[in-house]
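Structural overview
One letter stands for each residue in the lines below.
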Amino acid sequence: MQELTSGGSLCIGLRFAQDDRCTVSPLSVNPSSADLPISPLGEHHGVQFLLARDELTHPELPGNKWRKLKYNLREADRLGLNTLLTFGGAYSNHLAAVAAAGRLTGRRTIGFVRGDEMAGRPLNPTLARARADGMELHFLDRETYRRKHEPAVLAALLHDTGPAYVLPEGGSNTLALPGCAELARELLARTDFDVLAVACGTGGTLAGLLTGLNGQRQALGISALKGADFLRADIDQLTQQATGRTYANWELRTDYHGGGYARLTPELRQFIVDFQQRHAILLDPIYTGKLLFGLLDLAAKGHFRRGSTVVAIHTGGLQAWAGFGGEPG
Ligand SMILES: Cc1ncc(COP(=O)(O)O)c(C=O)c1O
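This is a predicted model, so every value here is computed, not measured. (Residues numbered from 1 in each chain as written. Predicted model: local features only at pLDDT ≥ 70, side-chain atom pairs only at ≥ 80, totals over all residues.)

Around the ligand, the structure places 19 residues, and the nearest of them are Asn93, Gly201, Thr205, Thr315 and Gly317. At the level of secondary structure, the elements contributing two or more residues to the shell around the ligand comprise α2 (93–105), β9 (195–200) and α7 (204–213). For the shell around the ligand, the element with the highest residue contribution is α7, accounting for three residues. By residue class, the composition of the shell around the ligand is four nonpolar, 14 polar and one charged. (Near = placed C-beta within 6 Å. Helix = DSSP H or I, 4+ residues; strand = E, 2+ residues; numbered from the N terminus. Nonpolar A, V, L, I, M, F, W, Y, C, P; charged D, E, K, R; others polar.)

Here we take up the sheet that holds strand β4 (residues 47–52). An order of β3-β4-β12-β9-β10-β11 is seen for the six strands of this open sheet, with the pairing classed as mixed. Pairing within the sheet leaves two strands with one partner each, and these edge strands are β3 (38–44) and β11 (250–253). Ignoring which end each strand starts from, the neighbouring axes of this sheet average 25° apart. Looking at chain direction, β9 and strand β12 (residues 309–313) are connected through three bridges and run parallel. Bridge pairing in β12 places alanine 197 opposite alanine 312. (Pairing = 2+ DSSP bridges. Axes fitted to C-alpha atoms, helices over the stretch in contact; angles between N-to-C directions.)

On to the packing of α7 against helix α8 (residues 231–243). With their axes 9 Å apart at the nearest point, α7 and α8 run at an angle of 45° to one another. Classed by the angle they form, the pair α7 and α8 counts as oblique. Considering only the axes of α7 and α8, their crossing is right-handed. Residues Gly204, Leu206, Ala207, Leu210 and Thr211 of α7 form the contact with α8, whose own contacting residues are Ile235, Leu238, Thr239, Ala242 and Thr243. (Parallel < 35°, antiparallel > 145°, perpendicular 65-115°, else oblique. Left-handed = near helix turned anticlockwise from the far one by under 90°. Contact = placed C-beta atoms within 7 Å.)

Our next topic: unusual backbone geometry. One non-glycine residue, asparagine 214, adopts positive backbone phi at about 50°. As for its position among the elements, asparagine 214 is in the loop between α7 and β10 (218–223). The exposure class assigned to asparagine 214 is partly exposed, which follows from the 15 C-beta atoms found within 10 Å. Even without being a glycine, arginine 217 presents a positive backbone phi close to 55°. With respect to the helices and strands, arginine 217 occurs in the loop between α7 and β10. (Buried ≥ 20, exposed ≤ 12 C-beta atoms within 10 Å, placed from the backbone.)

Here we take up the packing of helix α1 (residues 64–78) against α2. Running from N to C, α1 and α2 cross one another at 50°; their axes reach a closest spacing of 11 Å. It follows that α1 is oblique to α2 by the angle criterion. Relative to α2, α1 is oriented so that their crossing is right-handed. For the pair α1 and α2, contact is made by Lys65, Leu69 and Leu73 and by Asn93, His94, Ala97, Ala101 and Thr105, respectively. Split by residue class, the contact of α1 with α2 holds four nonpolar, three polar and one charged.

Honestly, it's all geometry; don't read function into it.
Structure representation (structure tokens):
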């Protein structure tokens, strides 16, 4: 891969890992992970809520994006692969993050986008940003996209692009877990909480948090997708692959999808506006808005023990507002 040296202008804002490869680091923004801000959200129905502000760890690779990419980038380095190839929908935070990571670390990036009907149309803000970051975008028909991880289909794609390190949709593979586990361990060390809560898309972030909690405390995932019951098995499979075990200290709520992925109901938009007015914190329209909406609703319904503390994780995703006509408020 393209090795960047300390004298190279490309390394501005980047940090050198122990093996002297140039890696982008959230620490260039937050000097120490111990500085991860944790905002108190007050008491709701007898439950204390805190918000771990992981969206602030890096301006372009916020929240779970950097956490999931960190060990994958190291593996790509180890394999000598300087091209990252991945998949996503038209509004994918993951595609945007991989494109930014490529620009920041001097890697070629290729994004396969779901839906060839978009090929001739102007790019939406997420895809325009990804292309501006140097990502080569290819639009796949939905049938091929659905079969993208079949060996023959993937081989055909790689035949056209050349060798690449392949990241699955959402970036959730086994190597996505240790970075998320680090966040769980940081939070265990810094706060005395009962429940750790996160929004779920593919479930990789929750799986990584579970491995970091290692059976301690409770974890709660809130799915942003409709009909996401299959995620429970996916999450078990990921933790099994990563650590050889599954965990029992977690639950997944599938009833706060608000109509489906990327559906922003007027009620949810209003919730996000009110939340921002009250706490001066902007939530994203796809994941963290649903997370906080769900958590406060569960508190109102007595789901959490009175006197307990819930830490929610702000996983970022704010770039998605561009696709919803801009930030609310
Ligand atoms: C902002 C944000 N929060 C949460 C998630 C859910 O993460 P996961 O797909 O690992 O469940 C995503 C998707 O990657 C995301 O972009």
